[in-house]
Amino acid sequence: MKRSSPPSPPEPTARLARTGSLVLLQPTPLCNLDCSYCYLPARGLARFMSHDVADAVARTVDSWSTHHPVKVLWHGGEPLATGLSRLRGLLDRFPEGRAHPVRHAVQTNATLIDEAWCRLFVERGIEVSVSVDGPGPGSGRLDRGGRDATGRALRGIGLLRDHGIAFGAIAVVTDPSPRRAAELHRWFARLGCRVLGVNLVERKGVNSRTVRDDGDPAEFWAELAALGRADPGMSLRDVEHAHRYIRAELAGRADRLADRPVDPLPMVTWDGQVVPMSPDLAGFSSPRHGPFTTGDVREHGLAGCLARAAATGWVAEALAGIDACRAACDLFAYCRGGQAANKYFETGRLDTTETHFCRNSRKLLMEGLIRDAERVAARAREHHGS
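One structure accompanies this document, and this report is about it.

Definitions and limits used
Residues numbered from 1 in each chain as written. Predicted model: local features only at pLDDT ≥ 70, side-chain atom pairs only at ≥ 80, totals over all residues. Heavy atoms only, no water. Pairing = 2+ DSSP bridges. Helix = DSSP H or I, 4+ residues; strand = E, 2+ residues; numbered from the N terminus. Expected span 1.5 Å × (residues − 1). Buried < 20%, exposed > 50% of the residue type's maximum accessible area, 1.4 Å probe, protein only. Contact = heavy atoms within 4.5 Å. Phe/Tyr/Trp six-rings, centres within 6.5 Å; stacked < 30°, edge-to-face > 60°. Lys NZ or Arg CZ within 6 Å of the ring centre and 35° of its normal. Axes fitted to C-alpha atoms, helices over the stretch in contact; angles between N-to-C directions. Parallel < 35°, antiparallel > 145°, perpendicular 65-115°, else oblique. Nonpolar A, V, L, I, M, F, W, Y, C, P; charged D, E, K, R; others polar. Left-handed = near helix turned anticlockwise from the far one by under 90°. Patch = residues over 30% accessible without salt bridge, like charges linked within 9 Å, V, L, I, M, F, W, Y side chains within 5 Å. Areas by Shrake-Rupley, 256 points an atom, 1.4 Å probe, with all protein chains shown as cover. Salt bridge = Lys/Arg side-chain N within 4 Å of Asp/Glu carboxyl O. Lys, Arg positive; Asp, Glu negative; His and termini not counted. Charge placed at Lys NZ, Arg CZ, Asp CG, Glu CD.

1. Things to note about the sheet that holds strand β9 (residues 274–275)
Spatially, β7-β6-β5-β4-β3-β2-β1-β8-β9 is the arrangement adopted by the nine strands of the open sheet, whose pairing is mixed. Looking along the sheet, the strands with just one partner apiece sit at the ends: β7 (235–236) and β9. Bridge count between strand β5 (residues 167–173) and strand β6 (residues 195–200): five bridges; the pairing is parallel. Note on β6: the bridge partner recorded for valine 172 is asparagine 199.

Have a look at this one:
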């Protein structure tokens, strides 16, 4: 009796949008720091993006700017380790935009910022976000000699302030607690930070660390939300993202938002490889799927690499994972299926659902907002009852 072939897995219903409003470029994998929680596999590799890679990306960015604004985020490694003249040359390859502007941003550890970098940021209108983890001993943000790099980052931030350059920040947190939330909010607000994003440490890439067992993410998020209400001068990225979802639910728009195509977050690595979604997969390979890429931007163009994505095995598996999240999770319209990188590095697959990142940075964040709202309501009842 002839055996029948196993049925093919169903085609995913989730799909990538054809264009993106944010493009990430890795001008170099090199970083001058060696943070204890870093997930990047090649941060000691001194390799640099060539002009032909930048040109290939710029052609697609120019085309997309006919339809919507595009932001190019230079993200490493440490982008400033590329060197001022080299990065300026890459910036020169990009158009100003057609009907809509092409803007540039940089995510930097700030330790290499000097007067010349500040002049470039002002001259080109480059948005700056600083990776720095706040006050206190035991920071994992270390240089290659094992020394804490926070002081050098603060010197760079001081130069940004001297030049009138607004900046945001991303802080990695290993010990979420109400006390840590208060320390972070006070420290970054005093620095003049415009918007603060918090990344709870994730098991990802070459990093095996995760949030400490004695951490309390829900109470961390509740305290951060309360501090943001009391002092709205600094935007809180994660809290505001959750609030946008809540407003969409209250307005009856959440299901419609959930039906939209998945926004690609294409990452183009220094050597031209395109990772069309979940950029933290850049530089890694799967035993089943091979490298997490859909081709070389110089051969296919950025739009072409996105068009090839759905027919690429690992992307199809990631999209199936988004479908699985939609079927299993009441908060799908909020997180849109999470990040494939977290799924892969936690489980070895891209089509799974809940991850530690999902619980700590999405579900427990939402729980924290509920606790904060309940406490506000309780205080209001006590006030009216007194």
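2. Side note on helix α10 (residues 313–328)
Between its first and last C-alpha atoms α10 spans 23 Å; for 16 residues at 1.5 Å apiece the expected length is 22 Å, and the two agree. Among all positions in α10, only Trp314, Val315, Glu317, Ala318, Leu319, Gly321, Ile322, Asp323 and Cys325 are buried. Looking at the packing, one finds that the buried side of α10 touches β9, β11 (290–291), α11 (332–335) and α12 (340–347).

3. Examining the environment of threonine 269
With respect to the helices and strands, threonine 269 occurs in the loop between β8 (267–268) and β9. Placed 24 residues apart in sequence, threonine 269 and threonine 293 show a C-alpha to C-alpha distance of 9.8 Å.

4. Things to note about the packing of aromatic side chains
Aromatic rings considered in pairs are described by the distance between their centres and by the relative angle of their planes. In this structure the tally under the stated criterion is nine aromatic pairs. Judged by centre distance (5.1 Å) and plane angle (80°), the ring pair of phenylalanine 220 and tryptophan 221 falls under edge-to-face. Given the relative accessible area of 0%, phenylalanine 220 is considered buried. Note on tryptophan 221: relative accessible area 1%, which makes it buried. Three or more aromatic residues joined by ring pairs form one cluster here, namely Phe284, Phe292, Trp314, Tyr344 and Phe345. The ring of phenylalanine 48 is capped by arginine 86, whose NZ or CZ atom sits 4.0 Å from the centre of that ring.

5. Remarks on unusual backbone geometry
Following glycine 76, the chain continues to glycine 77 via a peptide bond in cis, the omega torsion being 10°. Mapping glycine 77 onto the fold places it in the loop between β2 (70–74) and α2 (84–91). Positive phi is not limited to glycine here, since alanine 110 has a value of about 70°. The residue alanine 110 is located in the loop between β3 (102–108) and α3 (115–124) in this model. Within the chain, arginine 336 stands out as a residue other than glycine whose phi angle is a positive 55°.

6. Describing the packing of helix α7 (residues 237–250) against helix α13 (residues 356–385)
Following both chains from N to C, one finds α7 and α13 inclined at 80°, their axes separated by 11 Å at the closest point. The angle between α7 and α13 places the two elements in the roughly perpendicular class. On α13, the residues touching Asp238, Val239, His241, Ala242, His243, Tyr245 and Ile246 of α7 are Arg362, Leu365, Met366 and Leu369. Residue classes in the contact of α7 with α13 are distributed as seven nonpolar, two polar and two charged.

7. A closer look at the packing of helix α1 (residues 51–64) against helix α9 (residues 297–307)
Where α1 contacts α9, the two axes come as close as 9 Å, and the packing angle between them is 30°. Regarding the angle of α1 to α9, the classification is roughly parallel. Crossing geometry of α1 relative to α9 is assigned as right-handed. Between α1, through Asp52, Val53, Ala56, Val57, Thr60 and Trp64, and α9, the contact on the second element is made entirely by Val297, Arg298, Gly301, Leu302, Ala303 and Leu306. The residue inventory of the contact of α1 with α9, partitioned by class, reads eight nonpolar, two polar and two charged.

8. Looking at a positive patch on the surface
On the surface, Arg244, Arg247, Arg253 and Arg256 cluster together into a positively charged patch. Looking at the element boundaries, arginine 256 is found in helix α8 (residues 254–258). On the basis of relative accessibility, which here comes to 55%, the residue arginine 256 falls in the exposed class.

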